[in-house]
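Observations on the three-dimensional arrangement
Listed below, chain by chain, are the residues.
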Amino acid sequence: MDVIGVIPARYESSRFPGKVLANILGRTMIQWVWEAASKAHLLEDLIIATDDEKVMKAIEAFGGKGILTSKGHLSGADRICEIVNPLDVKVIVNIQGDEPLIKPAMIDDLASVLVEDPSTQMVTLKHEIQDRVQLHDPNIVKVVTDKDGFALYFSRSCIPYQVKQTEGSVFSPHGVYKHIGMYAYTKDFLFSFANFIPSSLEKAESLEQLRVLEHGCKIKVVETKYDSISVDTPRDLDEVKKRIQ
C-alpha cells in the first residue's frame, strides 16, 4: 500500500476523560472523525488505534475498523508504530481522534506531498488565525515557517510577536498561523521519530513535534483553508456542536 490513515483514540485524557466517545448530535466523536477521514481519496486503508474495549465496541457499532493496542504508549506516534509495524506501507497519515471537524481534503493534501516528493519525510498543516482571542490561547498551537514552507518553530505562545500593526489589519505585518495537529510521515521516518529521545523544548511546550526540530529534521507545513477544533475540554465540544448545527 502507498498511503494509510491511522486514528489514535486513547480513552483516558487528563483534561477530558472519554472524550472520543462524547456524543455529538447522536454520533460519537470518533465516528465523526472516521466518517470524514473515510472520504479522503488517497487513503487505501483506515484504522482506529485504541487502548480501550469501550472504544472498540463503539467502533464496531458504526462499522469502523479498529485495532486494540497497548495501554502503555506515551504518545499517538507510539500507538501508530504498533499498528503499522507489520504493514507494507509507504506513507502514514496520523489523524487526530479528537478533531471531528476535519475535512477529507486536509488528509489528501498531506498525503500528496509525500507521494509526490520522496525527499520530504514529514508534513503537517497550518491555518491563518482570524480571531484575536486565539492569539494568546495556549491550547491553540502556533507555527512559523521558513521561505520554503518548513517549520521553524511551534509554540503555545503567539509567534511571531507583532511589534507593529497596520490600521484595519487584524494581524500585521505578518500573519499568525494555527498549527492543525494532523501529520503524515514516511514509515521509515515515523519509526526514527518514535525512537528520538524526548527533547527539552518538547517538554517545555508539551509539543512532541518539537522533538523533530531539535533533532535537526524538517517538517513541511502546508497551508489549508479549512479550520478545525481540537476537543480538549467540554467547552470545545460545545463549540463543535454549534458549528455542526
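Structure: see above.
Because the structure is predicted, anything quoted here is derived from the model rather than measured.

**As for the packing of helix α3 (residues 76-84) against helix α5 (residues 187-195)**
Contact pair α3 / α5: the axes reach a minimum separation of 10 Å and the direction vectors enclose 135°. Between α3 and α5, the angle falls in the class oblique. Like other packed secondary-structure pairs, α3 and α5 cross with a definite hand, here left-handed. Touching Ala77, Asp78, Ile80, Cys81 and Val84 of α3 are Lys187, Leu190, Phe191, Phe193 and Ala194, all from α5. A breakdown of the residues in the contact of α3 with α5 according to their chemical character gives 8 nonpolar, no polar and 2 charged.

**A short note on helix α8 (residues 234-244)**
Asp236, Leu237 and Val240 are the residues of α8 that are buried. Considered in projection along α8, the buried side chains sweep an arc of 100° and stay on one side of the axis. Residues of α8 that are exposed and angled more than 90 degrees away from the buried face: Arg235 and Lys242. In this fold, the buried residues of α8 make contact with β2 (23-24).

**Re unusual backbone geometry**
A cis amide bond links isoleucine 159 to the next residue, proline 160, at an omega of -10°. Mapping proline 160 onto the fold places it in the loop between β9 (151-155) and β10 (177-186). We note that serine 206 has phi near 55°; this positive angle belongs to a residue other than glycine.

**What about the packing of aromatic side chains?**
With the rule as written, the count across this model stands at 4 aromatic pairs. Look at tyrosine 183 and tyrosine 185: their rings are 6.1 Å apart centre to centre, the planes differ by 20°, and that puts the pair in the stacked class. Its relative accessible area of 6% is what places tyrosine 183 among the buried residues. Looking at tyrosine 185, the relative accessible area reads 0%, which means it is buried. An aromatic cluster is present here, built from Tyr183, Tyr185 and Phe193 joined pairwise through their rings. Positioned above the aromatic ring of phenylalanine 150, the side-chain terminus of lysine 218 is 5.0 Å from the ring centre. It is lysine 220 that lies over the ring of phenylalanine 150; its NZ or CZ is 4.8 Å from the centre.

Scoring rules and cut-offs
Residues numbered from 1 in each chain as written. Predicted model: local features only at pLDDT ≥ 70, side-chain atom pairs only at ≥ 80, totals over all residues. Heavy atoms only, no water. Axes fitted to C-alpha atoms, helices over the stretch in contact; angles between N-to-C directions. Helix = DSSP H or I, 4+ residues; strand = E, 2+ residues; numbered from the N terminus. Parallel < 35°, antiparallel > 145°, perpendicular 65-115°, else oblique. Left-handed = near helix turned anticlockwise from the far one by under 90°. Contact = heavy atoms within 4.5 Å. Nonpolar A, V, L, I, M, F, W, Y, C, P; charged D, E, K, R; others polar. Buried < 20%, exposed > 50% of the residue type's maximum accessible area, 1.4 Å probe, protein only. Arc of directions from axis to C-beta. Phe/Tyr/Trp six-rings, centres within 6.5 Å; stacked < 30°, edge-to-face > 60°. Lys NZ or Arg CZ within 6 Å of the ring centre and 35° of its normal.

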